[in-house]
Amino acid sequence: MPWFNSILNTVADKYGFRKIDLSERDQLRHREASEILKYLGIPLWKLPSIMTHVRTLMQDIDPSVHLFDGIPAALAQLKASGMRLAVVSSNSIENVQRVLGAETAALFDDYECGTDLFGKAAKIDRLMRRHTIAPERFLLVGDEMRDIDAARKAGVRVGSVAWGYNHMDALRERGPDEQFLAVDDLSAILA
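The structure presented is a predicted model; accordingly, all values stated were derived computationally and were not measured. (Residues numbered from 1 in each chain as written. Predicted model: local features only at pLDDT ≥ 70, side-chain atom pairs only at ≥ 80, totals over all residues. Heavy atoms only, no water.)

## What to know about the nonpolar core
Then comes step 1: In terms of nonpolar packing, the biggest core is built from 20 residues, with Ile71, Val87, Leu100, Phe108, Tyr111, Trp163 and Leu186 touching the most fellow members.
Then comes step 2: Contributing elements (two or more residues each) for this core: α5 (71-80), α6 (93-100), β2 (110-113) and α11 (184-190).
Then comes step 3: Residue contributions to this core peak at four residues, all from α5.
Then comes step 4: When residues no more than four places from it in sequence are discounted, the contact partners of Tyr111 are Val87, Ile93, Val96, Gln97, Leu100, Ala105 and Arg130.
Then comes step 5: In this structure, Ile7, Ile20, Leu40 and Ile42 belong to the second largest nonpolar core, which totals 19 residues. (Core = buried A, V, L, I, M, F, W, Y, C linked by side-chain atoms within 4.5 Å. Buried < 20%, exposed > 50% of the residue type's maximum accessible area, 1.4 Å probe, protein only. Helix = DSSP H or I, 4+ residues; strand = E, 2+ residues; numbered from the N terminus. Contact = heavy atoms within 4.5 Å.)

Quick look at the structure:
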């Protein structure tokens, strides 16, 4: 998130949408994606170009950008407990794996990446079909309201994390099945 915040106003200049200040960033954490697009004045037709540009910028991401503290160990514990892990992201697989790092990326059984901003439900469906997983055995863990919406649309359970994009109060209002307030909660609750 700090990296994304650092590029947002530069991207706004390039694509002609509204710049925001620090206080507005916190307010936007309480809004869903469609409200944020409207607030920033981003028409849907510009979204694919903006997302492609951000993915390109991410290719040159500062190597000091890393996962939240404790995530690699929590994922390793989940994998060791016998869980299958997959990434569902609107970002490219190359960017996801670069940020994960080789060791952590190797923990994942599958990747469904490169979706449009609202295409996660279809990616979840593909993962379940490919791995013959019943919806009740699938849990999407995410940090945005759109993750909850995608899980509901795909008919799977969803868990929300408190350390990501949307504020936990906003996520709670959407009623996730699980809430992870700290990174250690992932392995404590799931494993």
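## Concerning the domain arrangement of the protein chain
Then comes step 1: Per the domain assignment, the segments of the protein chain are domain 1 (2-59) and domain 2 (71-190).
Then comes step 2: Taken over C-alpha atoms, the centre of domain 1 sits 22 Å from the centre of domain 2.
Then comes step 3: Across the boundary between the two partners, domain 1 contributes 14 residues, which contact 21 residues of domain 2.
Then comes step 4: Approximately 1,400 Å² of surface area, both sides summed, lies buried where domain 1 meets domain 2, with 58% of it carried by carbon and sulfur atoms.
Then comes step 5: Across the contact surface, domain 1 and domain 2 share one salt bridge.
Then comes step 6: A salt bridge links Arg174 to Glu32; its shortest N-O distance comes to 2.5 Å.
Then comes step 7: At the boundary of domain 1 with domain 2, the tally comes to six residue pairs in polar contact (both at pLDDT 80 or more).
Then comes step 8: Per-element tally for the side of domain 1 that touches domain 2: the top contributor is helix α4 (residues 47-59), with five residues.
Then comes step 9: Grouping the constituent residues of the side of domain 1 that touches domain 2 by class yields seven nonpolar, three polar and four charged. (Domains from an automatic or database assignment. Buried area = accessible area lost by both parts, 1.4 Å probe. Salt bridge = Lys/Arg side-chain N within 4 Å of Asp/Glu carboxyl O. Polar contact = N/O pair within 3.5 Å; in protein donor to acceptor, adjacent residues only side chain to side chain. Nonpolar A, V, L, I, M, F, W, Y, C, P; charged D, E, K, R; others polar.)

## A few points about the sheet that holds strand β4 (residues 157-161)
Then comes step 1: Across the sheet, which stays open at both edges, the three strands sit in the order β3-β4-β5 with parallel pairing between neighbours. Where the open sheet ends on each side, the last strands, each with one partner, are β3 (139-142) and β5 (178-180). The sheet shows a mean angle of 20 degrees between the axes of neighbouring strands, taken without regard to direction.
Then comes step 2: Relative to β4, β3 runs parallel, the two being bridged by four bridges. When the bridges of β4 are listed, Leu140 appears paired with Val158.
Then comes step 3: Set on the sheet, helix α9 (residues 145-154) makes contact with β3 and β4; between it and β4 the angle comes to about 170 degrees. (Pairing = 2+ DSSP bridges. Axes fitted to C-alpha atoms, helices over the stretch in contact; angles between N-to-C directions.)

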